[in-house]
Amino acid sequence: MPKGVLVDLSRCVGCRGCQVACKQWNQLPAEQTTWQGSYENPPDISPNTYTKVRFVEGNHREQFFWRFYKTQCKHCLEPACVSACLVKAMEKKPGGPVTYDEHRCMGCRYCMIACPFNTPKFEYDKAIPRIRKCQFCFDRQEVGRQPACVQTCPSGTLKFGERNELLDVAKIRIYKEPNKYVHHIYGEHEAGGTSWLYISDVPFEKLGFPTNIGTAPYPGLTKDFLYAVPIIFIAVPSLLLGISYIKNRRNEDK
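The following refers to the structure shown.

Thresholds applied
- Residues numbered from 1 in each chain as written.
- Predicted model: local features only at pLDDT ≥ 70, side-chain atom pairs only at ≥ 80, totals over all residues.
- Heavy atoms only, no water.
- Pairing = 2+ DSSP bridges.
- Helix = DSSP H or I, 4+ residues; strand = E, 2+ residues; numbered from the N terminus.
- Axes fitted to C-alpha atoms, helices over the stretch in contact; angles between N-to-C directions.
- Patch = residues over 30% accessible without salt bridge, like charges linked within 9 Å, V, L, I, M, F, W, Y side chains within 5 Å.
- Areas by Shrake-Rupley, 256 points an atom, 1.4 Å probe, with all protein chains shown as cover.
- Salt bridge = Lys/Arg side-chain N within 4 Å of Asp/Glu carboxyl O.
- Buried < 20%, exposed > 50% of the residue type's maximum accessible area, 1.4 Å probe, protein only.
- Core = buried A, V, L, I, M, F, W, Y, C linked by side-chain atoms within 4.5 Å.
- Contact = heavy atoms within 4.5 Å.
- Phe/Tyr/Trp six-rings, centres within 6.5 Å; stacked < 30°, edge-to-face > 60°.
- Lys NZ or Arg CZ within 6 Å of the ring centre and 35° of its normal.
- Expected span 1.5 Å × (residues − 1).
- Arc of directions from axis to C-beta.
- Polar contact = N/O pair within 3.5 Å; in protein donor to acceptor, adjacent residues only side chain to side chain.
- Lys, Arg positive; Asp, Glu negative; His and termini not counted.

**Details of the sheet that holds strand 1 (residues 3–8)**
Part 1 of the argument: The strand order across the open sheet built from 3 strands is 8-1-9, with neighbouring strands paired in mixed fashion. If you trace the sheet from one side to the other, it starts and ends with strand 8 (158–162) and strand 9 (196–199), each paired once. On average, each strand axis in the sheet is inclined to that of its neighbour by 25°, with strand direction left out of account.
Part 2 of the argument: Bridge analysis of strand 1 against strand 9 gives 4 bridges, and the strand direction is parallel. Considered in strand 9, the bridge of D8 is made with I199.

If you want it as structure tokens, here you go:
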């Protein structure tokens with residue numbers, strides 16, 4: 001059964017312990033950033049930051065709110081990045097993680113274009129660049145451990161387990177406190193469903209979540225084009241070679 005993580009945004013205190021734990025486990029360097037009008041640091045996920053906590057403030061039900069939420073690869077059930085990868089560098093594991101094999105990658109960056117959550121990042125500053133993103137602590141899951149971010153969370157915001165069971169937990173929380181939670185589990189159906197599930201006491205659109213991505217799996221929207229790409233690579237050069245051959249024969253005949 002696929003694994004998942006339930007994120008209860010009403011419990012997050014913004015400690016960023018998950019962000020630090022992710023860097024420690026993946027041996028990612030710190031980033032030097034300057035003030036950009038936000039308490040977030042760094043300003044976005046990057047090749048050196050697989051997960052970050054966003055800070056959002058606003059008004060809801062005529063009350064001021066200040067909320068935090070963790071963002072990272074959502075590990076879609078039917079990942080667009082996997083379907084877009086021509087060399088199978090991206091792979092969807094049976095347990096849920098979407099992993100990346102840098103030895104297969106050819107640097108086309110189709111995965112970046114395909115991802116509806118704008119997650120994969122490219123090492124533009126490296127001589128031999130790679131795609132970088134959260135891999136759902138696949139190496140930890142293989143030996144029966146939780147993802148590093150979940151294990152370090154002190155407030156109970158993150159809960160790791162079977163995705164179907166987490167959906168039940170989320171629905172029970174919403175049912176028991178209907179006036180507290182938004183009646184929606186983000187990730188249950190978005191882009192065909194994701195391994196990361198969110199519940200919140202503030203509407204997701206006010207927190208900056210992409211809410212216009214639809215519920216259809218993205219691979220179904222792009223497969224016709226992607227299947228045509230290898231054909232184009234083969235057919236077009238062959239056609240050009242054929243035209244060149246005919247032209248040269250005509251010149252020789254003349």
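**Some points on a nonpolar patch on the surface**
Part 1 of the argument: A surface patch of nonpolar side chains, about 400 Å² in accessible area, is lined by Y39, F64 and W66.
Part 2 of the argument: By the element assignment, W66 lies in strand 3 (residues 63–71).
Part 3 of the argument: Here W66 falls in the partly exposed class, since its relative accessible area comes to 40%.

**Re the nonpolar core**
Part 1 of the argument: Core analysis: the largest hydrophobic core is formed by 32 residues, its most contacted members being V5, L9, L158, W196, Y198, L207 and F209.
Part 2 of the argument: Counting residues per element, the ones that place at least two in this core are strand 1, strand 2 (52–60), strand 3, helix 2 (80–84), helix 5 (148–152), strand 8, strand 9 and helix 7 (204–207).
Part 3 of the argument: Residues contacting F209, with those up to four places away along its chain left out, are L9, Y69, Y186, Y198 and F204.

**Brief notes about the packing of aromatic side chains**
Part 1 of the argument: Scanning all chains against the criterion turns up 12 aromatic pairs.
Part 2 of the argument: Ring centres 4.8 Å apart and planes at 75° place the aromatic pair F55 and F68 in the edge-to-face group. Of the two residues, F55 is situated in strand 2 and F68 in strand 3; the sequence distance between them amounts to 13 residues. Of the two residues, F55 and F68, both sit in the buried class.
Part 3 of the argument: Aromatic side chains F136 and F160 sit 6.2 Å apart centroid to centroid with 90° between the ring planes, which places their arrangement in the edge-to-face category. Placement of the pair is F136 in the loop between strand 7 (131–132) and helix 4 (138–142) and F160 in strand 8, with a sequence separation of 24 residues.
Part 4 of the argument: For F136, a relative accessible area of 1% corresponds to the buried category.
Part 5 of the argument: Pairwise contacts between aromatic rings join Y69, Y186, Y198, F204 and F209 into one cluster.
Part 6 of the argument: Above the face of the F122 ring, R109 is positioned so that its terminal group lies 4.6 Å from the ring centre.
Part 7 of the argument: Above the face of the W25 ring, R140 is positioned so that its terminal group lies 4.6 Å from the ring centre.

**With respect to helix 6 (residues 163–176)**
Part 1 of the argument: Look at helix 6: 20 Å from first C-alpha to last across 14 residues, which is about the 20 Å you get at 1.5 Å a residue.
Part 2 of the argument: Turning to helix 6, its buried residues are R163, L166, L167, A170, R173 and I174. The arc that holds every buried residue of helix 6, seen down its axis, measures 125°, which confines them to one face. Summarising the geometry of helix 6, the exposed residues directed more than 90 degrees from the buried face are E165, Y175 and K176.

**Some remarks on the environment of W25**
Part 1 of the argument: Looking at where W25 falls in the secondary structure, it is placed in helix 1 (residues 17–26).
Part 2 of the argument: In this structure the side chain of W25 is engaged in a polar contact, spanning 3.2 Å, whose partner is the side chain of D139.

**Digging into unusual backbone geometry**
Keep in mind that most residues, glycine aside, have a negative phi and that most peptide bonds are trans.
Part 1 of the argument: For R109, which is not glycine, the phi torsion reads 65° and is therefore positive.
Part 2 of the argument: The class of R109 is partly exposed, set by a relative accessible area of 33%.
Part 3 of the argument: In this model, F136 sits at a positive phi of 60°, which is unusual for a non-glycine residue.

**Regarding the side chain of R163**
Part 1 of the argument: With respect to the helices and strands, the residue R163 is situated in helix 6.
Part 2 of the argument: This buried residue, R163, is left without a salt bridge; E188 holds the nearest opposite charge, at 6.7 Å.
Part 3 of the argument: Reaching out from R163, the side chain makes a polar contact with the backbone oxygen of T194 at a distance of 2.8 Å.
Part 4 of the argument: If we skip the residues at most four places from it in the chain, R163 touches P2, K3, G4, L77, G187, E188, G193, T194, S195 and L197.

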